Each structure stands twice: as C-alpha cells, then as structure tokens.
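# What the coordinates show
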Amino acid sequence: MNATPSDEQLVAYLDNQLDTEQRERIDSAIAADPMLSLRLQWLDRSSLPFKDAYDELARQAPVARLQAMLDTLPPPARPAYSRRWFLAAAAGLVVSGVLADRLFLGWLLTREKDNWRELVADYMALYVPQTLAHLPVDETARHAQLRILDARLGLDLAPAKLLLPGAEFKRAQILEYDGVPIAQITYLDPVHGPMALCIIRSNSGRQAPTEEQRRGLNIVYWADMEHAWMLIGRNPTSDLTEMAQLLRSRLSA
Amino acid sequence: MGRLWRYGLLLSRQRHVADDLVQATCVRALERAGQFVSGTRMDRWLLSILHSIWLNEVRARRVRLGQGTVDADEALSFDGEYAAQTHVLAAQVIRRVDALPEAQRETVFLAYVEGLSYREVAEVLQVPIGTVMSRLAAARTKLAEYPPLHAVRNPTNGERR
C-alpha cells in the first residue's frame, strides 16, 4: 500500500516533472482514492496563464533605454574564452542582441588579430534574417549611429551613400577587438539574408576589390589609403562586387 | 532583455530597480564571461546572475534602508484600449503572483514563466530540488484559493464569461 502522495508530488505530477514510475504510482493512487483526485483538481486551479501574463509584461520593458545603457558599458576584459564556449552560448542568445555582441567581442579578443575578415566572417556566420528583421528603421537613430562610426574611424558616412540595391539598411554599430574599432553596417537582403559592410582603419595601402569565401559567406574586400572595407553576405559574389563598386564610387566622391 | 527585466521586476516590484538589476547583471556577465560553462544556456546563466545580485546586494541594501515595495498595479501600465482583455487577464495573474512571498514568487516565475525544469530552477536559485517542490506546492495551494480569472466586461457583448 502506497503512502498518500503529498502536495509536492501532486504538483510535480501536474508539472510533468516525474519519471514514468513515479507517475504510475500517482495514477494508481488517484484511481484508488477519489479525495486525491479532488485534491489534484483543486491544486490545478492554480494553473494560470503565467507565461502569457509575463510575456505581456516583458513587452513593456524599457528596451530602448536598456539598450542605450548597454552601449555605454566598457568592452569586456580579456577572459579565457574558447570557440566552443561561444558557439554553445550563441544557441542561447535570446536575451539581448547588444549583450550578445559584447560577449562575442570578448571572445574575439582571444583570437589572432591578423585577419579581421576571418573575425567578421565568424561573426556574420551567426546572423540569421531574424537577427535583423525586427530592428526598427529610424532615420534619426541611423544618423546618430553613423556619426559614431564617423567619429571612431575618421569616416564621412551619409545614409544616402550607403544605400544598396535590394538590401535594406538596418543598423550601424561599432564593434571592437583588442582596441581596434570595426564599423559594422548591417543590411537585410530579402532573398539572401543578412549582409554587412565592415570597415577598419588601415594604412597598408590601396587594394583593388578582391573576392574570397569564409565560413560559407561571400566576401569582397578592398582598401583605400586610410581604411580597409569588406562586404559580406550570402549574395552571389558578382552582386557583392557590383555593390562594392557602387559604394567605392560614392564614398570616394 | 525583456526577459531579464521582467525577472528583475518580479523580484523587486519596482521598475527602476529592475532597470538597475538588468544593468548590473550585464556588467557582471561581461566581467565573468570566462566563467560561463560551455554547453549551458546563456539565458539561464544571466537569470542566475540577476538572482544573486538581487539576493546579495540590492535586496540587502533595500531592507536596511527600510524601503517598502510598490503595489503590483504599478507594474503593468495600461495604454488605452490596446488589448484591454489581454491586459486585464495578465494583470490579474501578475497581481496574484506578486502577492506570494518572494521565494515562492521567483520559483513560480522560473518554473512556469521561463519554463525551467525543477532541476534548472534549483540550479538558478542555488537551492535543493526538494525546496523547489515545496515552494511550488505552497504557491499553488495559495493560488488555488483565488476565484477563476475573470475577463473584462465588454461593453458591446456584455460579460464575457
């Protein structure tokens, strides 16, 4: 004869947190004791739409203010990351795009800095359309974002110069590794998904547009006297090359 | 980030404290990024950081200052006619959860809102699984005593339920 299940056990039963054997024991106890069935029904009255209610509350979170606050946080100190760590973490990144960026950059700190395009490709490989789809498109914010890029990298970017055929301008932000700022301007292409134009300061001389592939992404990169540029995305290389030419002609003007 | 914030609000019941908690959590997460254990979920890790900051720093200070907490009504603000029905139901649920003692409140939140298993809740809160079970049983016993949720009176269709 089994002891009468406790409220704890009945709640765990309701919450589906019992293994098969425990479940069966409670099933048979309920079958044998109508009072227990009533108790279970009583406890189940407390099954409220908790998730819906708090999802509603989360929609009221002052997200813009929190994001702005996160933007002011210092970049992380050099911790002992591993690639594995980051890729595992990336799966759980549902909390904050900005925080994700910061943590990712912390991870980048441990990487060799000789190839910034590899770093960017590692990063962009994690973008999916949903990463960018819900970013608000706001003229004022876009201007402010570009001013930050201009100031950090000695650029003169205007939204009109950055428009690309087919792809929608989504966000401009400063990333950084080892004290080296990287400008990242993200676009969303309705067909090929996320795309980015990334820029760092570079004085290693001019370089004509060159194509390459990293992490399954197509890249076109070039350099002028002060900056190195790259366009990266899943678009065909020929499209990226055309866009690169468009950008070069506008930005050198 | 909304998820972190609502957990901060659930614990503190004050919006500005929730803001501070999110900020402190992010700062701490960046400092301790090296301690993040590969293969675990980052959102859970962030929730546990927020919880420990609340427990060890914010709450302790607030208790010393003798500040009270605010009423749950302030937690959800209603903007006009937007989804009034959803809001009213949500507000009732939140008010009932807010009326629970803190330990039960956060356990209910992690298990039923965040959908964590008992084991995961125990890890975030750093308590034995048996404690999670007894808190949930106590919370459900209290919550079961309320009348069923009632929908808002709809002026065109009359009472919904």
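Residues numbered from 1 in each chain as written. Chains lettered and ligands numbered in written order. Predicted model: local features only at pLDDT ≥ 70, side-chain atom pairs only at ≥ 80, totals over all residues.

## Digging into the overall build of chain B
- Helix and strand counts for chain B stand at seven helices and zero strands.
- Its helices and strands taken in sequence order, chain B reads α-α-α-α-α-α-α from the N to the C terminus.
- Looking at chain B as a whole, 38% of its 161 residues are labelled buried.
- Intrachain contacts of chain B at a sequence separation of at least 6 include 55% that bridge at least 24 residues. (Helix = DSSP H or I, 4+ residues; strand = E, 2+ residues; numbered from the N terminus. Buried ≥ 20, exposed ≤ 12 C-beta atoms within 10 Å, placed from the backbone. Contact = placed C-beta atoms within 7 Å.)

## Looking at the overall build of chain A
- A count of helical and extended segments in chain A gives twelve helices and six strands.
- Within the span of chain A, comprising 253 residues, buried residues form 32% of the whole.

## Structural notes on the environment of Pro5(A)
All names here are of chain A.
- Take Pro-5: it is sitting in the segment before helix 1 (7-14).
- Under the C-beta neighbour-count criterion, Pro-5 is labelled buried, with 21 such atoms within 10 Å.
- Each C-alpha atom, one on Pro-5 and one on Ala-29, is 7.7 Å from the other, the two residues being 24 residues apart in sequence.
- Apart from residues lying up to four places away in sequence, Pro-5 is in contact with Leu-10, Ile-26, Ala-29 and Leu-36.

## Details of the environment of Leu246(A)
Residue and element names in this part refer to chain A.
- Of note, Leu-246 is situated in helix 12 (residues 237-252).
- The class of Leu-246 is partly exposed, set by 15 C-beta atoms lying within 10 Å.
- Each C-alpha atom, one on Leu-246 and one on Leu-164, is 8.2 Å from the other, the two residues being 82 residues apart in sequence.

## Focus on the pairing of strand 4 (residues 207-214) of chain A
Residue and element names in this part refer to chain A.
- Bridge count between strand 4 and strand 5 (residues 217-223): six bridges; the pairing is antiparallel. Across the sheet, the residue bridging to Glu-211 is Val-220, located in strand 5.
- What sits between the antiparallel neighbours strand 4 and strand 5 is a turn of two residues, in which Arg-215 has the positive phi angle 50°. (Pairing = 2+ DSSP bridges.)

## Brief notes about the packing of helix 4 (residues 50-58) of chain A against helix 1 (residues 2-12) of chain B
- Running from amino to carboxyl end, helix 4 of chain A crosses helix 1 of chain B at an angle of 105°, the nearest separation of the two axes being 9 Å. Considering the angle they form, helix 4 of chain A stands roughly perpendicular to helix 1 of chain B. Facing helix 4 of chain A, whose interface residues are Tyr54(A), Leu57(A) and Ala58(A), helix 1 of chain B presents Gly2(B), Arg3(B), Trp5(B), Arg6(B) and Leu9(B).
- In terms of residue class, the contact of helix 4 of chain A with helix 1 of chain B is built from five nonpolar, one polar and two charged. (Axes fitted to C-alpha atoms, helices over the stretch in contact; angles between N-to-C directions. Parallel < 35°, antiparallel > 145°, perpendicular 65-115°, else oblique. Nonpolar A, V, L, I, M, F, W, Y, C, P; charged D, E, K, R; others polar.)

## Some words on the packing of helix 5 (residues 102-113) of chain B against helix 7 (residues 129-144) of chain B
Residue and element names in this part refer to chain B.
- The interhelical angle for the contact between helix 5 and helix 7, taken along N-to-C directions, is 100°, at an axis separation of 9 Å. One finds that helix 5 runs roughly perpendicular with respect to helix 7. Here helix 5 contributes Ala-103, Gln-104, Thr-107, Val-108 and Ala-111 to the contact with helix 7, which in turn contributes Val-132, Arg-135, Leu-136, Ala-138 and Ala-139.
- The class makeup of the residues in the contact of helix 5 with helix 7 is seven nonpolar, two polar and one charged.

## Quick notes on unusual backbone geometry
- You will see that Arg215(A), though not glycine, has its phi angle at about 50°, which is positive.
- Along the chain, Arg215(A) falls in the loop between strand 4 and strand 5.
- We note that Gln126(B) has phi near 60°; this positive angle belongs to a residue other than glycine.
- For Gln126(B), the position within the fold is in the loop between helix 6 (118-125) and helix 7.

## A word on helix 5 of chain B
All names here are of chain B.
- Helix length check: helix 5, at twelve residues, gives a terminal C-alpha distance of 15 Å against a target of 16 Å (1.5 Å per residue), a fit within 8%.
- Within helix 5, nine of the twelve residues are buried, leaving the element largely enclosed by the surrounding structure.
- Among the residues making up helix 5, those that are buried are Gln-104, Glu-106, Thr-107, Val-108, Phe-109, Leu-110, Ala-111, Tyr-112 and Val-113.
- Remark: Gly-115 follows helix 5 within two positions and exhibits a positive phi of approximately 70°. (Expected span 1.5 Å × (residues − 1).)

## Considering the environment of Asp43(B)
- By secondary structure assignment, the location of Asp43(B) is in helix 3 (residues 42-65).
- Between the C-alpha atoms of Asp43(B) and Met1(B), which are 42 residues apart in sequence, the distance is 9.4 Å.

## Some details on the confidence of the model for chain A
All names here are of chain A.
- Of the residues in chain A, 80% have a pLDDT of 70 or more, and the chain-wide mean is 79.
- When pLDDT is averaged over each element of chain A, helix 1 comes out on top at 94 and helix 6 (residues 83-91) at the bottom at 44.
- Segment residues 105-114: pLDDT under 50, and 22 contacts once partners within four positions in sequence are set aside and those in other chains are kept. (pLDDT = per-residue confidence, 0-100.)

## Thoughts on the confidence of the model for chain B
Residue and element names in this part refer to chain B.
- Overall, the prediction assigns chain B a mean pLDDT of 76, with 70% of residues at 70 or greater.
- Per-element confidence in chain B is highest for helix 7, whose mean pLDDT is 95, and lowest for helix 3, whose mean pLDDT is 75.
- Predicted confidence for residues 64-83 stays below pLDDT 50, and this span has 21 contacts to residues more than four positions away or in other chains.
- Segment residues 152-161 is flagged for pLDDT under 50; beyond a separation of four residues in sequence, or across chains, it makes eight contacts in the model.
- Reported confidence for the predicted complex is 0.74 by ipTM and 0.53 by pTM.

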